[in-house]
There are 2 protein chains.
Amino acid sequence: MALKVYYDLMSQPSRAVYIFLRCNSIPFSEQPVALRKQEQHQEAFAKINPFRHVPAIDDHGFKLTESSAILKYLSNQYLSPQSQHWYPKNNQQRAKVDEYLDWHHLHTRLNFMMYFQHKILRPVVNKHPVNDDQVEKYRKGIEKTVASIASYFLQDCKFFLGDRISIADLQAVVEIEQVLSSAYDPLVGHSSLQGWRERVREATAPHYQDATKILYQITARIQQLLEKENSDKHVQNN
Amino acid sequence: MALKVYYDLMSQPSRAVYIFLRCNSIPFSEQPVALRKQEQHQEAFAKINPFRHVPAIDDHGFKLTESSAILKYLSNQYLSPQSQHWYPKNNQQRAKVDEYLDWHHLHTRLNFMMYFQHKILRPVVNKHPVNDDQVEKYRKGIEKTVASIASYFLQDCKFFLGDRISIADLQAVVEIEQVLSSAYDPLVGHSSLQGWRERVREATAPHYQDATKILYQITARIQQLLEKENSDKHVQNN
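Residues numbered from 1 in each chain as written. Chains lettered and ligands numbered in written order. Predicted model: local features only at pLDDT ≥ 70, side-chain atom pairs only at ≥ 80, totals over all residues. Heavy atoms only, no water.

Here is the rule we go by: UniProt positions are given in the numbering used here, feature names are shortened, and annotations may be inferred rather than shown by experiment.
By the naming in an unreviewed UniProt entry, chain A is Glutathione transferase, taken from Ramazzottius varieornatus. We quote the UniProt Sequence similarities (unreviewed entry) comment for chain A here in full: "Belongs to the GST superfamily. Theta family." What the UniProt record of chain A gives under Catalytic activity (unreviewed entry) is the line "RX + glutathione = an S-substituted glutathione + a halide anion + H(+)".

Side note on the packing of aromatic side chains
Any aromatic ring pair is given by two values, namely how distant the centres are and how the planes are angled relative to each other. Residues and elements named next belong to chain B. Formally: A pair of Phe, Tyr and Trp rings is counted when the ring centres sit within 6.5 Å of each other, with Trp represented by its six-membered ring. The angle between the planes then sorts it: under 30 degrees is stacked, over 60 is edge-to-face, the rest tilted. Helical segments are the DSSP runs of H or I of at least four residues, strand segments are the runs of E of at least two, and each set is numbered from the N terminus. Burial classes: relative accessible area under 20% of the type maximum marks a residue as buried, over 50% as exposed, and values in between as partly exposed (1.4 Å probe, protein chains only).
Applying the stated criterion across every chain yields a total of 32 aromatic pairs over all chains. Judged by centre distance (5.4 Å) and plane angle (35 degrees), the ring pair of Tyr 7 and Tyr 18 falls under tilted. Placement of the pair is Tyr 7 in strand β1 (residues 3-7) and Tyr 18 in helix α1 (residues 12-23), with a sequence separation of eleven residues. The pair formed by Tyr 7 and Tyr 18 is uniform in burial state, with each residue classed as buried. Plain terms: the ring middles of Tyr 152 and Phe 153 are 4.9 Å apart, the flat faces sit at 90 degrees to each other, and that makes the pair edge-to-face.

Brief notes about the relation of the copies chain A and chain B
A rotation about an axis combined with a shift along that same axis relates the two copies of the chain. Basically, it comes down to this: Superposing the copies works by least squares over the C-alpha atoms of residues that have pLDDT at least 70 in both of them.
Least-squares fitting of chain A to chain B yields an RMSD of 0.0 Å, with the superposition described by an axial translation of 0.0 Å and a rotation of 180 degrees. Such a combination of rotation and displacement between the chain copies is what one expects of a two-fold axis.

Considerations on the packing of helix α4 (residues 91-124) of chain B against helix α5 (residues 132-154) of chain B
All names here are of chain B. Definition in use: To get an axis, a line is fitted to the C-alpha atoms, and for a helix only the part in contact is used. The angle between two axes follows their N-to-C directions and goes from 0 to 180 degrees. Any angle that is under 35 degrees is reported as roughly parallel, and any over 145 degrees as roughly antiparallel; angles of 65 to 115 degrees are reported as roughly perpendicular and all others as oblique. Each crossing gets its handedness from the near helix: less than a right angle anticlockwise from the far helix is left-handed, clockwise is right-handed. Amino acid classes used here: Ala, Val, Leu, Ile, Met, Phe, Trp, Tyr, Cys and Pro are nonpolar; Asp, Glu, Lys and Arg are charged; the rest, including Gly, are polar.
Closest axis-to-axis distance for the α4/α5 pair is 8 Å, and the angle between their directions is 155 degrees. The pairing of α4 with α5 is recorded here as roughly antiparallel in orientation. The element α4 and its partner α5 pack so that their crossing is left-handed. Grouping the amino acids of the contact of α4 with α5 by side-chain chemistry returns 13 nonpolar, eight polar and four charged.

A few points about the side chain of His85(B)
All names here are of chain B. Spelled out, the test is: Identification of polar contacts relies on pairs of N or O atoms within 3.5 Å, with a donor-acceptor requirement for protein atoms, meaning one able to donate a hydrogen and the other able to accept it, and with residues adjacent in sequence counted only if both atoms are side-chain atoms. Contacts between residues were defined by any pair of non-hydrogen atoms, one from each residue, lying within 4.5 Å.
Inspection of the secondary structure assignment puts His 85 in the loop between α3 (67-78) and α4. A polar contact is formed between the side chain of His 85 and the side chain of Arg 164, at a distance of 3.0 Å. Those residues in contact with His 85, other than ones at most four positions away along the chain, are Leu 161, Arg 164, Ile 165 and Ser 166.

What about the nonpolar core?
Selection criterion: Throughout this description, the term nonpolar core refers to a set of buried Ala, Val, Leu, Ile, Met, Phe, Trp, Tyr and Cys residues connected via side-chain atoms within 4.5 Å.
Trp196(A) and Trp196(B) are the most contacted members of the largest nonpolar core, which has 128 residues in total. Counting residues per element, this core draws most heavily on α4(B), at 14 residues. Not counting chain neighbours up to four residues away, the residues in contact with Trp196(B) comprise Leu154(B), Lys158(B), Phe159(B), Phe160(B), Asp169(B), Ala172(B), Val173(B) and Ile176(B).

So, the pattern of salt bridges
Quick note on the threshold: The rule for a salt bridge is simple: a side-chain nitrogen of Lys or Arg has to be within 4 Å of a carboxyl oxygen of Asp or Glu.
Applying the stated rule across the entire model yields 20 salt bridges over all chains. Two residues, Glu30(B) and Arg22(B), come together in a salt bridge whose shortest N-O distance is 2.6 Å. Owing to a relative accessible area of 38%, Glu30(B) belongs among the partly exposed residues under this scheme. You can call Arg22(B) partly exposed: its relative accessible area is 28%. Each of Glu136(A), Arg139(A) and Glu143(A) takes part in a single network of salt bridges with overlapping partners.

Overview of the packing of α5(B) against helix α7 (residues 191-203) of chain B
Residues and elements named next belong to chain B. Following both chains from N to C, one finds α5 and α7 inclined at 75 degrees, their axes separated by 10 Å at the closest point. Taken as axis vectors, α5 and α7 run roughly perpendicular relative to one another. Contact with α5, carried on its side by Val 146, Ile 149, Ala 150 and Leu 154, involves Ser 192, Leu 193 and Trp 196 of α7 and no other residues of that element. Of the residues assigned to the contact of α5 with α7, the class counts are six nonpolar, one polar and no charged.

Describing the sheet that holds strand β1 (residues 3-7) of chain A
All names here are of chain A. This is how the line gets drawn: Strands pair, by our definition, only if DSSP identifies at least two bridges between them.
Here four strands make up an open sheet; going across it, the order is β2-β1-β3-β4 and the pairing mixed. The sheet is open, and its two edges are formed by β2 (29-32) and β4 (62-65), each paired on a single side. Neighbour-to-neighbour, the strand axes of the sheet open up by a mean angle of 15 degrees, direction not taken into account.

Topic: the environment of Glu30(A)
All names here are of chain A. Turning to its location among the elements, Glu 30 is positioned in strand β2. Sequence separation between Glu 30 and Tyr 78 is 48 residues, and the spatial gap between their C-alpha atoms is 17 Å. Not counting chain neighbours up to four residues away, the residues in contact with Glu 30 comprise Val 5, Tyr 7 and Arg 22. Among the polar contacts listed, one links the side chain of Glu 30 to the side chain of Tyr 7, at a separation of 2.8 Å. Engagement of the side chain of Glu 30 in a polar contact is seen with the side chain of Arg 22, the distance being 2.6 Å.

So this is what it looks like as structure tokens:
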């Protein structure tokens, strides 16, 4: 029985785990969970993750949720000594990866995820009217988050830890990538961060591009729907 | 130069780090940062942690923020083999601690912290009127969080990992303890969690009790102020 990975490439943390596995040639059995079909709420998946979130893994009977915990577990379990830059064994370097990944949840994850939900998901999927106050609140949160990543976590380095990519860079970039689909690039004006994003994409090519293809296909479709809706409204109002 | 620890016992994550250090007899130089005097905004502290949050450490020149990252770093750096139950070296056990600590931020931490802010801090310190919608939103979040801790993280065990306490139990309990000061005990109705909280307190005695003493002293004073304010309003309205 292989390592089973439950994921959907529309989910940012799923993409991080998927890209990591592919970059490190770790064999796994793909267990797609289609969020658009609400498959995460089926009883079979609840036995893997009662929180009904992706990603989740089942490694020969050992079940684990939470993408950062999964990335750390997989690093400890499967990486060769040459690949340990992803999650270094040196205690101080490891602590700096842990520091970003702890900070991530209430800053990068919260602000980018909630912006995407209010700007894209709720209006398009649930047909709620856009809540401009909430969009603006999380847009401001994104601005502060991005400034902190530039000044504290990246500084003048190529990656958060220095010369080599780590799981901290990967978690940050997949979250930042998600809002690009709403035609908003929060890294504009931060050339050091734009360079860093490009380096993460290159360091994980072609898996990064494979994993994000579906996001861009679906959001192109969403943009068409939104434009059609706006133009219909315009016709009705005139 | 010793390990320097910047903290304020009114901060939940500071208490976790302080209790952990005392329980494990790790020597450190106390660097109190009085939040009530806004000392976290002084320039000297910004050099330690530009985010101006406690706790933070400086271990012989190595600076680190984020309480969970600090607890993991200190475990790796200073624990004897007998004390490794706090953050086990076994990869699957360690992954279960990481899983809770990742989940913690957007569930336990977010809901309990925001409830405390809306119910206590903003009305008392900033004299804002209580926002009942926000209090109710985070109270419901607390109820869901507590139910998930009982059914998923604790189950029928003594502690999250089984028979021995870990840094995951400690982070969870300090956050839950904070709202008791608003005369609301979210563990009522969850006898397994009440037993667990008691076991965490016992396993960390007397340091747990030392670290929470100031919280209870200050919140007793806050309750007096709130009662006085309510009775003044009552007199004005009659």
